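Here is how the chains run, residue by residue.
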Amino acid sequence: MSWSFKLFTIKGIDVKIHTLFILILVWAAYRWSVTTGEGLQGALFGIVATLLLFAAVLLHELGHSLQAMKYKVKVSDITLMPLGGVAQMEELPKNPEQELKIALAGPLVNFAIVAILVIIGLVLQTRSIISLNELVASFGQTNWAGMLAYLTMANLLLGLFNLLPAYPMDGGRILRSLLAMRMDHSRATRIAAVIGQGLAFLMGLIGFISGQFTLILIAIFVWMGASQESRGVVVQDTLREIKVRRAMVRSPHSLKVNDSLSKAVELTLSSAQSDFPVVEWGTNKVIGMLGEAELLSGLKKMGDGAAIREVMRANFPTVHPDDALHTTLEKMAKAKIRAVPVVDDDQNLIGMITASDVNEAYRLLTVNPQFVSEPQS
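So, here's what we can say about the structure. All values reported here derive from a predicted model rather than from experimental measurement.

**Things to note about the overall build of the chain**
The helix and strand tally for the chain stands at 12 helices and nine strands. Here the C-alpha radius of gyration of the chain, 26 Å, is well above what a compact globule of 377 residues would show, namely 21 Å. Dimensions along the principal axes, computed over C-alpha positions, put the chain at roughly 80 × 50 × 35 Å. With 377 residues in all, the chain has 42% of them scored as buried. For the chain, restricting intrachain contacts to residue pairs at least 6 apart in sequence, the fraction spanning at least 24 positions comes to 60%. By element, 62% of the accessible surface of the chain is carried by carbon and sulfur atoms, the whole surface being about 20,200 Å². Computing the positive centroid from 33 side-chain charges and the negative centroid from 31, the chain places the two 4 Å apart.

**What to know about the nonpolar core**
Among the nonpolar cores identified, the biggest contains 16 residues, and Ile-13, Phe-21, Leu-58, Leu-62, Ala-68 and Ile-78 are the most heavily contacted of them. Within the residue set of this core, elements represented by two or more residues are strand 2 (13-18), helix 1 (21-36), helix 2 (40-70) and strand 3 (75-81). If we ignore the near neighbours within four places in the chain, the residues touching Leu-62 are Ile-10, Ile-13 and Ile-78.

**Points about the pattern of salt bridges**
Evaluation of the coordinates by the stated rule reveals eight salt bridges. Residue Arg-313 is joined to Glu-294 by a salt bridge in which the shortest nitrogen-to-oxygen separation is 3.6 Å. Taken together, the residues Arg-313 in the loop between helix 10 (292-302) and helix 11 (325-335) and Glu-294 in helix 10 connect sequence positions 19 residues apart. Several salt bridges converge on common partners, so that one network encompasses Asp-275, Glu-292 and Arg-338.

**Examining the sheet that holds strand 6 (residues 276-279)**
Across the sheet, three strands lie side by side as 5-6-7; this open sheet has mixed pairing. Two strands in the sheet have a free side with no partner beyond their single neighbour: strand 5 (255-256) and strand 7 (286-290).

**So, the pairing of strand 3**
Among the seven residues that make up strand 3, five are buried, leaving the element largely enclosed by the rest of the structure. As paired elements, strand 2 and strand 3 share four bridges and run parallel to each other. By the bridge assignment, Val-15 is partnered in strand 3 with Ile-78. Judged from the six bridges that link them, strand 3 and strand 4 (residues 84-89) form a sheet pairing that is antiparallel. Note on strand 4: the bridge partner recorded for Val-75 is Met-89. A loop of two residues connects strand 3 with strand 4, the two strands running antiparallel in sequence.

How each quantity is defined
- Residues numbered from 1 in each chain as written.
- Predicted model: local features only at pLDDT ≥ 70, side-chain atom pairs only at ≥ 80, totals over all residues.
- Heavy atoms only, no water.
- Helix = DSSP H or I, 4+ residues; strand = E, 2+ residues; numbered from the N terminus.
- Rg over C-alpha atoms; globule rule 2.2 N^0.38 Å.
- Buried < 20%, exposed > 50% of the residue type's maximum accessible area, 1.4 Å probe, protein only.
- Contact = heavy atoms within 4.5 Å.
- Areas by Shrake-Rupley, 256 points an atom, 1.4 Å probe, with all protein chains shown as cover.
- Lys, Arg positive; Asp, Glu negative; His and termini not counted.
- Charge placed at Lys NZ, Arg CZ, Asp CG, Glu CD.
- Core = buried A, V, L, I, M, F, W, Y, C linked by side-chain atoms within 4.5 Å.
- Salt bridge = Lys/Arg side-chain N within 4 Å of Asp/Glu carboxyl O.
- Pairing = 2+ DSSP bridges.

Rendered as structure tokens:
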């Protein structure tokens, strides 16, 4: 079950909203209705103010996304959630200058919005800049005329907050990119992650002392995000040292293109293998992959007498024995599959490797670093 649903598409990017986002609207309606004592009018004000704030969040994420797309980074969707927005991107470019521009794009969008709203305020001869105390006080009143100032300050604070060097927030990614200009990418990530965890701890402490539950939640997410990023770099560095040939299955069961699905069912039940390379009839050249999803779909629609060629995945990645395991893992993640065939230069099948094989190799390496070494012939 998906917890998000699509609203619309911008520049090929699906804009989605998380189901829990509705709770924010309910909270806003309740807060403004009760604190202002204006009932439905206050609830309407709270909902409108919240929607306009999250429109700014969406523009912030679009800033990141459109800048990333300039560097050929695929952006699948942007999801609005109770604590903000998340743009789902493929791996960001390792070029620190490109990452710097992508990270800066979001806050710069907020600052651009601030500039536009200030100009609007000057034209309308109304205040667009207020103090923090006035901003806090605005949460307890229904003031449509003060909406401009509310949005101006909200965008200013949103831009500034995201510049905090708390990795993996925008400021943390800016810090990582600046560090990566002077050292290797992995070390830069680890340093940025440690700083991010330190700031997350401080945010959590301040939130606890002041009773700001939202700040505590943000601190938890920053801490977890920094930990995940740091762990991911460690895994990537480790797997970069291992070649595919050290972890692949050398004699996987394979299927001929004209075999029936009943043959695949038989192999699945009689072995521990559930993904099968499909080779040409009379040769060993890989032309397809049959996974559990394709097998089940084929059995449901065509029965076990259907030929493998009718249901196999024809668009699939392959790897070479001398490829690094981290490259293999990236290919699997991008194609959303759990196994890839290992082929020679002529696309002949010589093995197969699964996500489980990669995980096994990593676990063995953490126990015995000598696993990296090639066996003596």
